[in-house]
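A closer look at the structure
Residue-level listing of the chains:
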Amino acid sequence: MTEDDEVFKALADPTRRFLLDLLFARDGRTLTELESELEMTRFGVMKHLRVLEAANLVVTRRSGREKLHFLNPVPIRLIHDRWIDKYTERQVAALADLKAQLEHPTDKEERP
């Protein structure tokens with residue numbers, strides 16, 4: 001499975017997206033903190049976090065006895081650059097061209 005496949009697999013589940021939203025709101029949460037926001041067992045949350053870690057969307061760090069979870073936005077940005085950015089470029093260019101035409105009409109269009 002490629003890195004992109006891992007990211008898409010991780011993002012496909014609404015629970016995992018919710019976990020990422022929680023970490024986006026406040027990074028460095030413990031498993032207990034994340035678990036308190038969901039109606040599932042600790043084991044279930046751990047399984048979702050493992051999928052997110054495998055996709056490199058979540059990284060962990062030990063702080064004493066606690067394991068802190070942090071959002072890693074880089075894989076999402078890479079997906080954006082590969083799959084989204086190139087498709088929006090044409091629309092943005094078309095809007096920029098339209099703006100330029102409206103602000104600076106050609107001489108031909110201005111003549112009666």
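Residues numbered from 1 in each chain as written. Predicted model: local features only at pLDDT ≥ 70, side-chain atom pairs only at ≥ 80, totals over all residues. Heavy atoms only, no water.

Under an unreviewed UniProt entry, the name given to the chain is DNA-binding transcriptional ArsR family regulator, and the organism recorded is Actinopolymorpha rutila.

1. Remarks on helix H4 (residues 42-54)
Quick note on the threshold: Helix and strand definitions here come from DSSP, where helices need a minimum of 4 consecutive H or I residues and strands a minimum of 2 consecutive E residues; each element is numbered from the N-terminal end. Given the number of residues in a helix, its expected span is that number minus one, multiplied by 1.5 Å. Only protein chains enter the accessibility calculation, which uses a 1.4 Å probe; a residue whose area is less than 20% of its type maximum is buried, one above 50% is exposed, and one in between is partly exposed. Arc, as used here, means the arc of the directions from the helix axis to the C-beta atoms. Residues count as neighbours in contact if any of their non-hydrogen atoms are within 4.5 Å of one another.
Between the first and last C-alpha of H4 there are 18 Å, a value that for 13 residues agrees with the 18 Å anticipated at 1.5 Å per step. Among all positions in H4, only Gly44, Val45, His48, Leu49 and Leu52 are buried. Considered in projection along H4, the buried side chains sweep an arc of 135° and stay on one side of the axis. What points out from H4, more than 90 degrees from its buried face, is the exposed set Phe43 and Ala54. Buried residues in H4 make contact with helix H1 (3-11), helix H2 (14-25), helix H3 (31-36), strand S1 (58-63) and strand S2 (66-71).

2. A closer look at H2
Cut-off, in case you're wondering: N or O atoms closer than or at 3.5 Å make up a polar contact, with two conditions inside protein: a donor-capable atom paired with an acceptor-capable one, and, for residues adjacent in sequence, both atoms drawn from side chains.
For H2, with twelve residues, the first-to-last C-alpha span of 16 Å sits near the 16 Å given by 1.5 Å per residue. What H2 keeps buried is the set Thr15, Arg16, Leu19, Leu20, Leu22 and Leu23. All buried residues of H2 fall inside an arc of 155° around its axis, so they share one side. Residues of H2 that are exposed and point more than 90 degrees away from the buried face comprise Pro14, Asp21, Phe24 and Ala25. Next to the buried residues of H2 lie H1, H3, H4, S1 and S2. The N-terminus of H2 is capped by Asp13, whose side-chain oxygen sits 2.8 Å from the backbone nitrogen of Thr15.

3. Points about the packing of H2 against H4
The line we're drawing: Axes here refer to lines fitted to C-alpha atoms; in helices the fit is confined to the stretch in contact. Angles between the N-to-C directions go from 0 to 180 degrees. When describing relative orientation, an angle under 35 degrees is termed roughly parallel and one over 145 degrees roughly antiparallel, while 65 to 115 degrees is termed roughly perpendicular and anything else oblique. Amino acid classes used here: Ala, Val, Leu, Ile, Met, Phe, Trp, Tyr, Cys and Pro are nonpolar; Asp, Glu, Lys and Arg are charged; the rest, including Gly, are polar.
Where H2 contacts H4, the axes come no closer than 10 Å and their chain directions differ by 80°. Comparing their axes, H4 and H2 come out roughly perpendicular. In this structure, H2 contributes Thr15, Arg16, Leu19 and Leu20 to the contact, and H4 contributes Val45, His48, Leu49, Val51 and Leu52. Among the residues forming the contact of H2 with H4, the class breakdown is six nonpolar, two polar and one charged.

4. Focus: the side chain of Thr15
By the element assignment, Thr15 lies in helix H2. Thr15 gets classed as buried once you look at its relative accessible area, which sits at 18%. The contacts of Thr15, once residues within four sequence positions are left out, are Leu38, Met40 and His48.

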